[in-house]
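Each chain, written out:
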Amino acid sequence: MPEMPEVQGLVDFLRGRATGLTITRVTVAAFAALKTYDPPVEALVGAEITLATRHGKFIDLATTTATRDSEPHLIFHLAKAGWLRWYDQLPSTIIRPGKTPIALRVALSDGSGFDLTEAGTKKSLAVYVANDPQDVPGIARLGPDPLEPTFTRNTLAGLIDGRRTQIKGVLRDQSILAGVGNAYSDEILHDARMSPYALAASLTPEDIDRLYTAMTETLAEAVAAASGKPPAQLKDAKRRGMQVHGRRGQTCPVCGDVVRSVFFADNSLEYCATCQTGGKVLADRRLSRLLK
């Protein structure tokens, strides 16, 4: 799933490449992906892209029309398996709904454009056309962004105070923190030397200090690594930067122990027992079910 650093990389790319261009055509190929009807998607045609921004994991392309009587936003969330494919020269091939991974195609006035694509059979990619980003429910309920200047150590402490839930889940909850998902929560907790199962309410002031430092440094470094890269290179940049996530069975670069996984219904977490759990190996719930 694209998370804050990759989404920010896409925003930076679109800001530099699409700002000032006019949308000449919008083709919806996966109708279930379009979550709004007012304004209609046709309201984007003829609108000029004025800004690309990010809200958590949502990408927001602000536009203005020639008469300035409407300023619709094209907003999308790439979900677990979505991506943005950019073309300096947009293909002229006909998109056949149901026969392609393309969910949406946007054509721009200089001949360029992009597709929003989604792999797999579980379709979660979401597209919105809105007059105000806060009209999108997922944006309206977002928690604070960890890389905002106003996000301090005390902000984090206030967010987790009294929460008797595992810290891994707290980091992934978009209503608590915006932009962090499964991959970067693994990386943050590894850097903080903290078990993913630690209860948020049980963290000491020293734990919160480590967690805040790990969060801000891990995300800032990942955003810097994504900066300036075109969409086609962002996924590889993410994989190269991972210490534990997606590295099951490999060596922890900090202590030399093996990286382990815990599997759930539709995802997994990765961690280092030596660095994070005092050497304790966390139960693999998938294996436990098989042994019953």
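Structure report, in brief. Predicted model only: the values in this text are computed from it and were never measured.

Points about the nonpolar core
Point 1. In terms of nonpolar packing, the biggest core is built from 34 residues, with Leu-14, Leu-74, Phe-76, Phe-114 and Leu-116 touching the most fellow members.
Point 2. With five residues, helix H1 (residues 4–17) is the single largest residue contributor to this core.
Point 3. Leu-74 has contacts with Leu-44, Ile-59, Asp-60, Leu-61, Leu-104, Val-106, Phe-114, Val-127 and Tyr-128, leaving out every residue within four places of it along the chain.
Point 4. Residues Ile-167, Ala-200, Tyr-212 and Met-242 belong to the second largest nonpolar core, which totals 29 residues.

With respect to the packing of H1 against helix H6 (residues 205–226)
Point 1. Where H1 meets H6, the closest approach of the two axes is 8 Å, and the angle between their N-to-C directions is 35°. Pair H1 / H6 crosses with right-handed handedness. In contact with Met-4, Pro-5, Gln-8 and Gly-9 of H1, H6 contributes Leu-219, Ala-222, Val-223 and Ala-226.

Considering the sheet that holds strand E5 (residues 82–87)
Point 1. With respect to topology, four strands assemble into an open sheet ordered E1-E6-E7-E5, the strand pairing being antiparallel. The open sheet has two edge strands, strand E1 (23–28) and E5, and neither has a second partner. Pairs of neighbouring strands in the sheet enclose a mean axial angle of 15°, with direction left out of account.
Point 2. Bridge count between E5 and strand E7 (residues 113–118): six bridges; the pairing is antiparallel. Paired with Leu-84 across the two strands is Leu-116, which belongs to E7.
Point 3. Together, E5 and E7 form the strand contacts of H1, whose direction differs from that of E5 by roughly 25°.

What counts as what
- Position numbers for residues count from 1 along each chain, tracking the sequence in the order it is written.
- Only residues with pLDDT of 70 or above have their local features reported here, since the model is predicted, and side-chain atom pairs are shown and tallied only from 80 upward, although totals for entire chains, interfaces and linings are computed over all residues.
- With hydrogens and water set aside, each side-chain value is computed from the structure's full complement of heavy atoms.
- Side-chain atoms within 4.5 Å are what join buried Ala, Val, Leu, Ile, Met, Phe, Trp, Tyr and Cys residues into a set we call a nonpolar core.
- When a residue's accessible area, from a 1.4 Å probe over protein chains only, is under 20% of the maximum for its type it is buried; when over 50% it is exposed; and in between it is partly exposed.
- Each helix is a run of H or I in the DSSP string that is no shorter than four residues. Each strand is a run of E no shorter than two, and both are numbered from the N terminus.
- Any two residues having at least one pair of non-hydrogen atoms within 4.5 Å are treated as being in contact.
- Note on geometry: axes are C-alpha line fits, over the in-contact stretch for helices, and angles between N-to-C directions span 0 to 180 degrees.
- Crossings are classed by handedness, with left-handed meaning an anticlockwise turn of the near helix from the far one by less than a right angle and right-handed meaning a clockwise turn.
- Strand pairing is assigned whenever DSSP detects at least two bridges linking the two strands.

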